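Coordinate analysis (summary)
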Amino acid sequence: MGQKKDLTGSEKSKIVRYLAEGCSSLKIAKLLKRDHRTIKRFIQNSQQGCKKRVDKPRRKITAHELRKVKRAAAKMPLATSLAIFQSCNITGVPKSTRCAILRDMAKVRKAERRPPLNKTHKLKRQDWAKKYLKTDFSKVSWTDEMRVSLDRPDGWARGWIGKGQRAPVRLRRQQGGGGVLVWAGIIKDELVGPFWVEDGVKLNSQSYCQFLEDTFFKQWYRKKSASFKKNMIFMQDNAPSHVSKYSTAWLARKGIKEEKLMTWPPCSPDLNPIENLWSIIKHEIYKEGKQYTSLNSVWEAVVAAARNVDGDQIKTLTESMDGRLLSVLAKKDVYIGR
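- The chain is annotated in an unreviewed UniProt entry as Tc1-like transposase DDE domain-containing protein from Nothobranchius furzeri.

1. Remarks on the nonpolar core
- One finds Trp-128, Trp-142, Val-148, Met-262, Ile-281 and Ile-285 to be the most contacted residues of the largest nonpolar core, which totals 38 residues.
- For this core, the secondary-structure elements that each account for two or more residues are helix 7 (119–131), strand 1 (140–149), strand 2 (179–187), strand 4 (233–235), helix 12 (274–285), helix 13 (295–307), helix 14 (311–318) and helix 15 (321–330).
- Counting residues per element, this core draws most heavily on helix 13, which supplies seven residues.
- Other than its neighbours up to four places away in sequence, Val-148 contacts Gly-178, Gly-179, Val-180, Val-182, Lys-282, Ile-285, Tyr-286, Val-298 and Val-302.
- Listed in part, the 20 residues of the second largest apolar core include Val-192, Tyr-208, Leu-212 and Leu-251.

2. Concerning the confidence of the model for the chain
- Here the chain averages 85 in pLDDT, and 83% of its residues register 70 or above.
- Summarising per-element confidence for the chain, the mean pLDDT is lowest in helix 3 (residues 36–49) (80) and highest in strand 4 (96).

3. Here we look at the pattern of salt bridges
- Enumeration according to the criterion identifies eight salt bridges in this entry.
- Between Lys-139 and Asp-136 there is a salt bridge, and its shortest N-O distance comes to 2.8 Å.
- Close ionic contact of Glu-284 with Lys-287 constitutes a salt bridge, the shortest N to O distance being 3.2 Å.

4. Overview of the environment of Leu-102
- By the element assignment, Leu-102 lies in helix 6 (residues 95–103).
- In this structure, the C-alpha to C-alpha distance between Leu-102 and Val-69, residues 33 residues apart in sequence, is 8.1 Å.

Reading guide: rules and limits
Throughout this description, residue numbers start from 1 for each chain and increase along the sequence as written. Selection of residues for local features in this predicted model requires a pLDDT of at least 70, selection of side-chain atom pairs for listing and counting requires 80 or more, and totals for whole chains, interfaces and linings are taken over all residues. To obtain the side-chain values, all non-hydrogen atoms of the structure were used and water was disregarded. Nonpolar cores were defined as sets of buried Ala, Val, Leu, Ile, Met, Phe, Trp, Tyr and Cys residues, with membership established by side-chain atoms within 4.5 Å. For every residue, the accessible area obtained with a 1.4 Å probe (protein chains only) is divided by the maximum for its type, and the residue is called buried under 20%, exposed over 50%, and partly exposed between those limits. Helix and strand assignments come from DSSP, with helices taken as H or I runs of at least 4 residues and strands as E runs of at least 2, each series counted from the N terminus. The contact definition used throughout considers only heavy atoms, calling two residues in contact when any of these lie within 4.5 Å. Confidence of the predictor in every single residue is expressed as pLDDT, which spans 0 to 100. Salt bridges are defined by distance alone: a side-chain nitrogen of Lys or Arg within 4 Å of a carboxyl oxygen of Asp or Glu.

As structure tokens, then:
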């Protein structure tokens, strides 16, 4: 009688039936022509797995302790449930109970990545907020670039999977499989673009100015009235290609200079409303774990998502600037929520 490594599902079912009929493990081994040790091992493992669970009395949490937990959770962002309860000197509470309590008062979140703010940055943000506090932001053209890859960010590759279902296969490629650099702008309730920055083009001062000439100025700005051009303020961040002497002089020749070119505080993506637009577009193109097989397909998805953003949404973003400035003045040393 040969010894096999594993029992099949059919053999396991027969063992259970034979045991119910009162057969011994030795008799079952002979009936199935399997090694006696294999049958005994299966029976022993099954009995261990079927041990009756003894529920331990759970520690009751008082209302006073709940208030302590709530205060600790507010003071200790991103802390584990164990660390929060230990800081309150509450012991003997199982993890499942700790998490159930915390779910009623908190959420599991990831830390947001943002550039560090030093003392100089904070002062410049304050000065910027004071300078533009009385500005009519409906006349500001907010611009920025965004890179989208064929694969969505790794941090988004999570979601609920039903019991018995396998997680879908996710392609893994270096650098997200490549991507597209997108430029766009928003002003009042209007979207400018989006425009695809040509592949392989490094945005230095010359290529940036040529890109603006071919897209922003020829395809949008030139169609506007003289009064519109007179009042429009152009906003761009402090990327080297944006603020170089060459780019500044080139924009001045286009009539965008002095008060018509907004100065921008360093390390302040939270103040630019177009960052919210990028978030809307990315959530749309990467929903349900979507991945792309070509640069053209991801570009088409960006264009489609941008077209679905209506004027009211854009207007909400641009009208949020007064509140952002007031937040900068009130919260002098932190990023504002977007």
